[in-house]
Amino acid sequence: MWLVVLYSGALLAAVDISVRRLPTPVIAAAAAAVFAILVTEAAITADGRRLASAAAAGAVLGGGYLLLALIAGSGMGLGDVRLAALLGAALGTLGWDAVLLGAVLPYLLAAPAAFIRLVRRDGGRLAFGPYLVAGALAALLLTSL
């Protein structure tokens, strides 16, 4: 599952940096693959707890980002919402500590770039997708130690 997240995350980060958009078809394909993997695992092990945790975490993180996207001037787009839901589902398989880290780390990682843009008075939009992916992968590494 994490290979799907890694490869699609790398693609999404590159696209977001270059065109400031996160393509829905890539996120949808990755989400479908992650969901299929989790459903297959639940069927084989006859234990759906990881699937339920993943679904709940994806809904919580996606819902939180949706609220941010609805706030005027937040700069958060629906691509970020979809990506956050996907990453939340993947992190949900590791536990709620990983989900919390995955929610906080992107902002900590983006803070230096945002500060530099603020100092330079650069009004351009910050591509947040790469920070979402990096935060999720950092959360994976930190919770796996």
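Preceding block: the structure.
Just so it is clear, the structure is predicted and the values come from calculations on it, not from any experiment. (Residues numbered from 1 in each chain as written. Predicted model: local features only at pLDDT ≥ 70, side-chain atom pairs only at ≥ 80, totals over all residues. Heavy atoms only, no water.)

A. View of the packing of helix α3 (residues 49-70) against helix α5 (residues 96-120). Taken N-terminus to C-terminus, the directions of α3 and α5 make an angle of 25 degrees; their axes are 10 Å apart at the nearest point. Taken together, the axes of α3 and α5 lie roughly parallel to each other. Crossing handedness for the pair α3 and α5: right-handed. Listed contacts from α5 to Ser53, Ala56, Ala57, Val60, Leu61, Tyr65 and Leu68 of α3 are Trp96, Val99, Ala103, Pro106 and Tyr107. (Axes fitted to C-alpha atoms, helices over the stretch in contact; angles between N-to-C directions. Helix = DSSP H or I, 4+ residues; strand = E, 2+ residues; numbered from the N terminus. Parallel < 35°, antiparallel > 145°, perpendicular 65-115°, else oblique. Left-handed = near helix turned anticlockwise from the far one by under 90°. Contact = heavy atoms within 4.5 Å.)

B. Fine view of the environment of Ala69. For Ala69, the position within the fold is in helix α3. Between the alpha carbons of Ala69 and Arg117 there is a distance of 20 Å; along the sequence they are 48 residues apart.

C. Fine view of α5. Taking 1.5 Å of rise per residue, 25 residues should cover 36 Å, and α5 covers 37 Å from first to last C-alpha, within 8% of that figure. Every buried residue of α5 is accounted for by Ala98, Val99, Gly102, Leu105, Pro106, Ala110 and Arg117. Residues of α5 that are buried make contact with α3, α4 (78-92) and α6 (129-144). Once α5 finishes, Arg121 follows within two positions and takes phi at roughly 60 degrees, a positive value. (Expected span 1.5 Å × (residues − 1). Buried < 20%, exposed > 50% of the residue type's maximum accessible area, 1.4 Å probe, protein only.)

D. Region of interest: the pattern of salt bridges. Summed over the entire model, instances satisfying the criterion amount to two salt bridges. In this structure, Arg50 and Glu41 form a salt bridge, with 3.1 Å as the shortest nitrogen-oxygen distance. A salt bridge links Arg49 to Asp47; its shortest N-O distance comes to 3.0 Å. For Arg49, a relative accessible area of 64% gives the class exposed. A relative accessible area of 29% means that Asp47 is categorised as partly exposed. (Salt bridge = Lys/Arg side-chain N within 4 Å of Asp/Glu carboxyl O.)

E. Highlighting the environment of Leu126. By the element assignment, Leu126 lies in the loop between α5 and α6. A residue is classified by how much of its surface remains accessible, and Leu126, at 24% relative accessible area, is partly exposed. Each C-alpha atom, one on Leu126 and one on Gly48, is 38 Å from the other, the two residues being 78 residues apart in sequence. With sequence-adjacent residues up to four places away left out, Leu126 is seen in contact with Ala110, Ala113, Ala114, Arg117 and Tyr131.

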